[in-house]
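# Structure assessment
Here's the letter readout for the chains.
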Amino acid sequence: MNPWLVALLRALLILVVMLLNGSLAIYMVRKVLGHAHLRLGPTELGPAGIAQVIADIVKLLTKEDRHPNRSDRWLYLIAPFIVFVPSFVAFSFIPFTDKLVAANPEMSLLMMLAFLAVPPLGIFAAGWSSRSKFATIGAMRAIGGMVTYEIPLLLAAIPPVILAGSANLQAIVLAQSHSIWYILPCLPSFVIALICAQMETNQAPFDMTEADQELVAGFSTEYSAMRFGFMYLAEFAGNFTFAALIVSLFLGGWTLPGISATALGPFAVLVFVAKCYLLIFLFMMVRGTYSRYRVDHYLEVGWKRLLPFSLAWIVVFAAAVRIIAMLKGGA
Amino acid sequence: MIERARIAELLSGASVTPVSLEDESCLGLVLRVAADDLLATFAALRDSFEQLIDLLGADLTPRNGGIEVTYRLRSLQENSDLVVKTTLEPGAALPSVTGFYLSALLPEREACEMFGLKLTGHPNPKHLLLTEGLPPMLLKSVPLRSEEDIQAETLPEGDPALQLLQEFEERGIIPPEDPDDPLENYVMAEWLSPEPPPGPIVPRNIRRQDDDPQSLSTNHYLLQIGPAHPATHGVLNIVAEMDGEKIVSSEAHVGNLHRGIEKLAESRRYHQLGTLVDRGDYVGGCNNELAVALAVEQLAEIEVPDRASWIRVLMAEINRLASHYIWFGPTGLDTGAMGIFLFCLYDRELWLDVLEEISGQRMMFNYIRPGGVVADITPKSVQMIEDILKIADGRLDEHYDALMASEIFQQRACGVGVVSKEDALSLGATGFVARASGIDWDLRRDRPYAAYDKMDFDVLTADSGDVWARMFCRLDEMRQSLRIVRQCLDGMPEGDFSAKLPRVLRVPEGECYVPVEAPRGEMGVHIYSDGTDKPYRMSYRPPTLYSLMISDLTLPGHFLADGIVSLGSFDFCFGEVDR
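What counts and how
Residues numbered from 1 in each chain as written. Chains lettered and ligands numbered in written order. Predicted model: local features only at pLDDT ≥ 70, side-chain atom pairs only at ≥ 80, totals over all residues. Heavy atoms only, no water. Helix = DSSP H or I, 4+ residues; strand = E, 2+ residues; numbered from the N terminus. Buried < 20%, exposed > 50% of the residue type's maximum accessible area, 1.4 Å probe, protein only. Contact = heavy atoms within 4.5 Å. Areas by Shrake-Rupley, 256 points an atom, 1.4 Å probe, with all protein chains shown as cover. Phe/Tyr/Trp six-rings, centres within 6.5 Å; stacked < 30°, edge-to-face > 60°. Lys NZ or Arg CZ within 6 Å of the ring centre and 35° of its normal. Pairing = 2+ DSSP bridges. Axes fitted to C-alpha atoms, helices over the stretch in contact; angles between N-to-C directions. Buried area = accessible area lost by both parts, 1.4 Å probe. Salt bridge = Lys/Arg side-chain N within 4 Å of Asp/Glu carboxyl O. Polar contact = N/O pair within 3.5 Å; in protein donor to acceptor, adjacent residues only side chain to side chain. Nonpolar A, V, L, I, M, F, W, Y, C, P; charged D, E, K, R; others polar. Expected span 1.5 Å × (residues − 1). Domains from an automatic or database assignment. Core = buried A, V, L, I, M, F, W, Y, C linked by side-chain atoms within 4.5 Å. pLDDT = per-residue confidence, 0-100.

## Let's talk about the overall build of chain B
- Looking only at helices and strands, chain B has 20 helices and 15 strands in total.
- Across the 579 residues that make up chain B, the buried fraction comes to 59%.
- Excluding contacts between residues fewer than 6 apart, the proportion of contacts in chain B whose partners are at least 24 apart in sequence is 68%.
- With the model as given, the accessible surface of chain B reaches about 22600 Å², and the carbon-plus-sulfur share is 51%.

## Quick word on the overall build of chain A
- Counting its regular elements, chain A contains 15 helices and zero strands.
- Projected onto its principal axes, the C-alpha positions of chain A cover 70 × 45 × 45 Å.
- Buried residues in chain A amount to 51% of all 331 residues.
- Of the contacts formed within chain A by residues at least 6 apart in sequence, a portion of 77% connects residues at least 24 apart.
- Carbon and sulfur atoms provide 73% of the accessible area of chain A, an area that totals close to 14900 Å².

## What to know about the packing of aromatic side chains
- Across all of its chains, the model carries 27 aromatic pairs over all chains by this definition.
- These aromatic residues form a ring-pair network of at least three members: F91, F96, F240, F272 and Y277 of chain A.
- The residue whose ring lies beneath R470 of chain B is F570 of chain B, and the NZ or CZ to ring-centre distance is 4.1 Å.
- Across the ring face of Y546 of chain B, the terminal group of R541 of chain B is positioned such that the distance to the ring centre comes to 4.1 Å.

## Observations regarding the sheet that holds strand β1 (residues 20–24) of chain B
Residues and elements named next belong to chain B.
- Strand order in the open sheet made by the five strands is β1-β2-β5-β4-β3, with mixed pairing throughout. Looking along the sheet, the strands with just one partner apiece sit at the ends: β1 and β3 (51–59). The average angle at which neighbouring strand axes cross in this sheet is 20°, direction not considered.
- The sheet contact formed by strand β4 (residues 67–75) and strand β5 (residues 80–88) spans nine bridges and is antiparallel. In the sheet register, T70 faces β5, and the bridge partner there is K85.
- Across the face of the sheet, helix α3 (residues 105–115) comes into contact with β3 and β4 while running at roughly 5° to β3.

## Observations regarding the interface of chain B and chain A
- Between chain B and chain A, the residue contacts involve 35 residues of the former and 25 residues of the latter.
- Both faces considered, chain B and chain A share a buried interface measuring about 2600 Å² in area, 60% of it formed by carbon and sulfur atoms.
- Residue D562 of chain B is joined to R294 of chain A by a salt bridge in which the shortest nitrogen-to-oxygen separation is 2.3 Å.
- Our enumeration of links across chain B and chain A arrives at eight residue pairs in polar contact (both at pLDDT 80 or more).
- Contributions of two or more residues to the side of chain B that touches chain A are made by α6 (182–192), β8 (221–225), α10 (306–334), α11 (338–359), α13 (407–413) and α19 (560–569) of chain B.
- In terms of residue class, the side of chain B that touches chain A is made up of 22 nonpolar, eight polar and five charged.

## Things to note about the sheet that holds β8 of chain B
All names here are of chain B.
- Ordered by their spatial adjacency, three strands build an open sheet running β8-β9-β10, and the pairing between neighbours is antiparallel. Strand pairing shows two members of the sheet lacking a second neighbour, β8 and β10 (246–253), which therefore form its edges. Strand-to-strand twist across the sheet, computed as the mean angle between neighbouring axes with direction ignored, equals 25°.
- Pairing analysis gives seven bridges linking strand β9 (residues 237–243) to β10, with the strands arranged antiparallel. By the bridge assignment for β10, E241 is matched with S249.

## Considerations on unusual backbone geometry
- Of note in the backbone geometry, N202 of chain A takes a positive phi value of approximately 55° without being a glycine.
- In this structure, N202 of chain A sits in the loop between α10 (187–200) and α11 (212–215).
- Of the residues examined, N202 of chain A reaches a relative accessible area of 10% and is grouped as buried.
- Despite not being glycine, E301 of chain B has its phi angle at roughly 50°, a positive value.

## Points about the side chain of N239 of chain A
Residues and elements named next belong to chain A.
- Residue position: N239 is located in helix α12 (residues 225–250).
- Given the relative accessible area of 3%, N239 is considered buried.
- Among residues more than four places away in sequence, those in contact with N239 are T201, Q203, I280 and F283.

## Quick word on α10 of chain B
All names here are of chain B.
- In this model α10 runs 42 Å from its N-terminal to its C-terminal C-alpha over 29 residues, within 8% of the 42 Å that 1.5 Å per residue would give.
- Of all 29 residues that make up α10, 27 are buried, and the element is covered over most of its length.
- One or two steps after α10, the chain reaches G336, where phi turns positive at roughly 100°.

## Notes on the packing of helix α9 (residues 285–300) of chain B against α10 of chain B
Residues and elements named next belong to chain B.
- Interaxial distance between α9 and α10 falls to 8 Å at its minimum, and their mutual angle equals 150°. Counted together, G285, C286, N287, L290, A293, L294 and E297 of α9 and R312, M315, A316, N319 and R320 of α10 form the full contact between these two elements.
- Of the residues that constitute the contact of α9 with α10, the class distribution is six nonpolar, three polar and three charged.

## Brief notes about the domain arrangement of chain B
Residue and element names in this part refer to chain B.
- Examined at the domain level, chain B breaks down into domain 1 (4–143) and domain 2 (261–541).
- Taking only C-alpha atoms into account, the centre of domain 1 sits 28 Å from that of domain 2.
- Of all residues in domain 1, C26, R63 and L138 bury the most surface against domain 2, accounting for 20% of the area lost on that side.
- Applying the counting rule to domain 1 against domain 2 returns five salt bridges.
- Here E266 ties to K140 by a salt bridge, and the two come within 3.2 Å at their closest N and O atoms.
- Mapped onto the side of domain 1 that touches domain 2, the elements with two or more residues apiece are β3, β4, β5 and α3.
- Per-class residue counts for the side of domain 1 that touches domain 2 are 16 nonpolar, six polar and twelve charged.

## Things to note about helix α17 (residues 467–491) of chain B
- With 25 residues, α17 of chain B ought to run about 36 Å at 1.5 Å a step, and its terminal C-alpha atoms sit 36 Å apart, in line with that.
- Buried residues dominate α17 of chain B, accounting for 18 of its 25 residues.

## Thoughts on the nonpolar core
- Grouped together as the largest cluster of nonpolar side chains are 164 residues, with contacts concentrated most on Y71, V84 and W351 of chain B.
- In terms of residue count, α10 of chain B provides more of this core than any other element does, twelve residues in total.
- For this core, the two domains that each supply at least three residues are domain 1 (4–143) and domain 2 (261–541) of chain B.
- In contact with V84 of chain B, other than residues within four places in its own chain, are L31, V33, L38, F42, L45, V69, T70, Y71 and L73 of chain B.
- Ranked by size, the runner-up nonpolar core spans 84 residues in total, among them I14, I183, A237 and L306 of chain A.

## Digging into the confidence of the model for chain B
- On average, chain B scores 84 in pLDDT, and the residues at 70 or more come to 89%.
- Overall fold confidence for the complex sits at a pTM of 0.83, while the interface term, ipTM, reaches 0.79.

## Topic: the pattern of salt bridges
- All chains considered together, the criterion is met by 41 salt bridges over all chains.
- Sharing partners across several salt bridges, the network here consists of E317, R320, R435, D442, R444, E477 and E517 of chain B.

## Observations concerning the pairing of β5 of chain B
- Burial analysis of β5 of chain B places eight of its nine residues in the buried class, which makes it a mostly covered element.
- Hairpin remark: β4 of chain B followed by β5 of chain B, antiparallel, with four residues in the connecting loop; positive phi at N79 of chain B, about 50°.

## A few points about the environment of G465 of chain B
All names here are of chain B.
- Looking at where G465 falls in the secondary structure, it is placed in the loop between α16 (443–446) and α17.
- Measuring from C-alpha to C-alpha, the distance between G465 and A44 comes to 29 Å, with 421 residues separating the pair along the chain.
- Beyond its immediate sequence surroundings of up to four residues, G465 is in contact with G417, V418, V419, A436, S437 and R470.

## Overview of the environment of P448 of chain B
Residues and elements named next belong to chain B.
- Examined against the element boundaries, P448 turns out to sit in the loop between α16 and α17.
- We classify P448 as partly exposed; its relative accessible area is 41%.
- On a C-alpha basis, the gap between P448 and V516 in space is 8.8 Å, while along the polypeptide they are 68 residues apart.
- For P448, the residues in contact, after removing those within four places along its chain, are L443 and D453.

Quick look at the structure:
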């Protein structure tokens, strides 16, 4: 088959999965927060509250797409895509099963993290080009947050790489199926990764860039209609990507302990997706429960707590792995 | 009590000769001084009276009295008030007393614009509620006009104001209210040029955060927070000078909800006043109605049946609970906790159902009227209250756990929006703001009205004066309210729910001030009666106008995020601030 055609089909498939995930996530966030907060609309509107999703999507598609008079026109128009496209690319490295993965380069973990680092730039572009003070403050916070939380996130991904001996997500999943889930040896890294994921996806208590009580809607204050929708789609895709990343690194990906890959067969996808949505559920419950950090506390947690702790943990972990290997080699 | 002799002694010490110093039955001790002696009088009295509680004007020119300005001073230690009155010619200069009591900052501006006086010695003598150029609204010579009258009025052709307005309209620019104001000039320059204008931005706040010499020197910018901002709790507009995320200086602009309640009251009969004050603090309507009813009863010397007093207390407390819920939740929301907001609305709904059952309305009750209340409480409503009381205490504990027990919330609330005791006194803080700053004062306990003298409840104070203290005090207030509601149900006496009153109530000539402990602080009604069926002048002391000044002075130095939380914790109600 023509390799270009294959690539195109794969890209289309990812897009479909991403859109499906988007609408599912809208439904899920409504339902989870609706139940957590005793909200009546999302739980009562239409059968099982499903009409709320339709209402949301129709509203986004039919609203007027407007931009402020003095905005930086081109940057303003393309910013949602700077947010959307990298999330879309990062999506393609997710290993749904041993066969079902759209792109599987040797260093897929690094590639994924690299693309996940781009959306904050789009957020900055969106806020900056809006020429609104609230949006600009949100944009500044996005950059501050990105610099702060990329590093602990990268560091949190190192212990599984050390254990698996590879930076390929598929290889890390397979290595876990042969030993144990890496959540057990790397629990601190797992917790750090969870916190950073919450931060990177701009969810309360770390939703600094939006912070609706302070900044109206932060970077997206001036956006409307589907451009606004794209930002949200990217955010939901980001949710899923981070969940998939954590599931692959620490929770055994599409495998289940004690069941071989062949026995799992077609259910592997379901296992993977179920794990991801469980994590997303956790993210949403945290989002629905806590107050927001203040921006300086938020940066403090990153620089003064997470970063030194991650560095120390990696040194301890690497040393421990080395010593155990030497003991085993000696025995 | 501060005796008459002591005041006379203080005044003679400052060589002030009072025009009169009389004990007037409804008002208490009244000191009349000439306007020239006003500052010397305040200098002499400042140390004996901690607070300036109320400031109002009244146009007595039809009665050959000139413009009368009334100050109500309070000594909390001695639990006594002194009314200082001075009389001015229309258009004369009123010396500002902000040097003695900061709480005069906004009320002075309002009194001067409403009665056409000139304000001297004030740091910011701009109009507060009315647009510049409008006639002083509360003068008796200024009639109430219909909308048609106003629309029919046109500026003459070729008027410079009209040309300016046209130009602004064509360019899509909001015209400045006051072209000499540096702040408005800055806003205009910002609108007109693509670059931020050079030079300092100074919103007129008497307090300002000094630059940190160690920080980077950055350009300050002007941030308009509100009136359509999600966290300003109504139509507050705050103009803040910002350094990055920090507020350097700020000025609150009010008046977006001004409906002229005080002017309207002059054309309403006494039993109709309740509907007006309901629309003042529209969240705590019952307490406002209670204040008006008590004031009218005091002037007309009406005896209220016991049962009516008890029902009034019951309603006031239920209303206080409903009002506190709509504050507790949104304060959590200001910190980003969405859940607690909806939990609190759920609980508020239960109490609103009770209020609806008793009064027929969820807001704007018009239930408490001079003489008593409109209708007796029903057995069904008693049953409803008893059902809620079974769960209410437990649910308050849940709310505490859901919001205040969270460490993130504690980080956001502790040490934020600190109001020192001195500031609280000087700025006329009452109610929970005062109690959270260590002032042990509750009108329900210290000057009991209705049936509060028969109730058993505690008053909690805190010392830290921050958002946390205010939340804690108010949470306890809610528990105490539940206690009072329970006592009301248990001890409700039998009898009539209203006194027999004539259909048209004529009140003998006089003047009185009645304060009640409303959910947001001391809500007072000052009525001048001239013997007819309508008040000659009604003034409404809005507690949150004073909280607004406190918040204004507290904001500089805070992060924007903390500023929002601090604002929310004062529980403004702009129906009441603007009236």
